[in-house]
Amino acid sequence: MSPTQYATALSWLRDLELLGKLGSPIPLANLVLGAIFEKAAPPWVQDADELVQSPEELPTDIVSAGEVLGLDANGVYEQLVTSWGKVNAAIRERVGFAGEAELVSMLKESADSRVDHVSTWSDGFGYDIAFAQGAASAHLEVKSTTRTGRFTAYLSRHEYRVMLRDHRWVLVIVRLSADLRIVAVGSVPRDWIAAAVPRDAGSFGSWASCKLEVPGEVIEDRVTQLGVDVASRLPPWRTVQPRATARRA
């Protein structure tokens, strides 16, 4: 190895924060692959749950990298599933909080509205924002994304049960720009949600949360439950992406 190659490799290890993990009980191959997936973050990793559903669907370059590290395709795939879960959770938390905060800010622009960002002080209500203005009143469960095509929502059973008993509950979807500014707002009809969620197969098991792939044609522009005045100020949801599936998470 030449001095240049050594310096390049050392810089790469430092950038991926691997040097600080010397002595970790995690096998070296998993440490390196995990860093590639989570720190280097190839673009396809964000959608790995859809693009790579088995070891046979892994990109050839990452399979080759795994072989160099002593892992077969199954081992690479297991690390991908582990890393994707971490990446997805981190993105969802960051984007989700930004979407709620941006929407709260927009709703507060109406001087006579009452807006309570409920999720900042309790996660037990089954919705994130309580809104009221005149005769309009809504409980908003907010799901946010920065993607322009696919829209995925994770719905808890508690949120679903609140939807069934609370006529003011509405699933609001927010699309954010890369710098986390609101560019579109829409809502998902309750009857579509009721039809899409899983069904319990018996009394000994039940679903706790589910993943909804919401097709673009289902999404309604704005949120009519906010009243005509406020709803008309929100940027409408415009993208149409035909496809619908629902899975247990």
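Basis of the calculations
- Residues numbered from 1 in each chain as written.
- Predicted model: local features only at pLDDT ≥ 70, side-chain atom pairs only at ≥ 80, totals over all residues.
- Heavy atoms only, no water.
- Helix = DSSP H or I, 4+ residues; strand = E, 2+ residues; numbered from the N terminus.
- Buried < 20%, exposed > 50% of the residue type's maximum accessible area, 1.4 Å probe, protein only.
- Axes fitted to C-alpha atoms, helices over the stretch in contact; angles between N-to-C directions.
- Parallel < 35°, antiparallel > 145°, perpendicular 65-115°, else oblique.
- Left-handed = near helix turned anticlockwise from the far one by under 90°.
- Contact = heavy atoms within 4.5 Å.
- Nonpolar A, V, L, I, M, F, W, Y, C, P; charged D, E, K, R; others polar.
- Pairing = 2+ DSSP bridges.
- Arc of directions from axis to C-beta.
- Expected span 1.5 Å × (residues − 1).
- Polar contact = N/O pair within 3.5 Å; in protein donor to acceptor, adjacent residues only side chain to side chain.

Q: Would you explain unusual backbone geometry in this entry?
A: Glycine aside, residues mostly have negative phi angles, and peptide bonds mostly take the trans form. A positive phi angle, close to 60°, is found at Glu17, a residue other than glycine. With respect to the helices and strands, the residue Glu17 is situated in the loop between helix 1 (3–15) and helix 2 (28–40). The class of Glu17 is partly exposed, set by a relative accessible area of 46%. Even without being glycine, Leu180 reaches a positive phi, approximately 65°. Structurally, Leu180 can be placed in the loop between strand 5 (169–176) and strand 6 (182–188).

Q: What should I look at first to understand the packing of helix 2 against helix 5 (residues 73–107) in this one?
A: Between helix 2 and helix 5, whose axes approach to 9 Å, the crossing angle comes to 45°. What the angle tells us is that helix 2 and helix 5 run oblique. Judged by the twist between their axes, the crossing of helix 2 over helix 5 is right-handed. When helix 2 is examined against helix 5, the residues Asn30, Leu33, Gly34, Phe37 and Glu38 are found in contact with a partner set consisting of Val76, Gln79, Leu80, Ser83, Lys86 and Val87. Of the residues assigned to the contact of helix 2 with helix 5, the class counts are five nonpolar, four polar and two charged.

Q: Even after reading the chapter, I still don't get the pairing of strand 5, so can you show me in this structure?
A: Summarising burial for strand 5: eight of the eight residues are buried, a large majority. Relative to strand 6, strand 5 is paired through six bridges, and the arrangement is antiparallel. Across the sheet, the residue bridging to Arg175 is Ala184, located in strand 6. Between strand 5 and strand 6, which follow one another and run antiparallel, lie five residues, and Leu180 among them has a positive phi close to 65°.

Q: How do you make sense of helix 4 (residues 60–69) when you look at a structure like this?
A: Each α-helix turn comprises 3.6 residues. Residues three or four places apart therefore point the same way. All buried positions along helix 4 are accounted for by Ile62, Val63 and Gly66. Along the axis of helix 4, the buried residues cluster in a sector spanning 105°; they form a single face. Of the exposed residues in helix 4, those oriented more than 90 degrees away from the buried face are Thr60, Asp61, Glu67 and Val68. Looking at the buried side of helix 4, the elements it contacts are helix 2 and helix 5. Gly70 occupies a position one or two residues after helix 4 and carries a positive phi of about 95°.

Q: What am I meant to see in helix 5 here?
A: Given a rise of 1.5 Å per residue, 35 residues ought to cover 51 Å, and the 49 Å separating the end C-alpha atoms of helix 5 matches this to within 8%. Taking the backbone nitrogen of Asn74 as reference, a side-chain oxygen 3.2 Å away marks Asp72 as the first, capping residue of helix 5.

Q: Explanation requested: the environment of Glu217 in the structure shown.
A: When you line up the elements, Glu217 lands in the loop between strand 7 (209–213) and strand 8 (220–221). It is 9.4 Å that separates the C-alpha atoms of Glu217 and Arg238, two residues lying 21 residues apart in sequence.

Q: Teacher, can you tell me more about the sheet that holds strand 8 here?
A: Strand pairing within a sheet occurs via backbone hydrogen bonds; the two strands may be parallel or antiparallel. A sheet is described by the order of its strands in space; here six strands give the open sequence 1-2-3-5-6-8, paired in mixed fashion. With partners counted over all chains shown, the strands left at the sheet margins are strand 1 (114–116) and strand 8, one partner each. Here three bridges tie strand 1 to strand 2 (residues 129–133), and the two strands are oriented antiparallel to one another. Within the sheet, the bridge partner assigned to Val115 lies in strand 2 and is Phe131. In the packing of helix 5 onto the sheet, contacts are made with strand 1, strand 2, strand 3 (136–145), strand 5 and strand 6, and the angle to strand 3 comes to roughly 145°.

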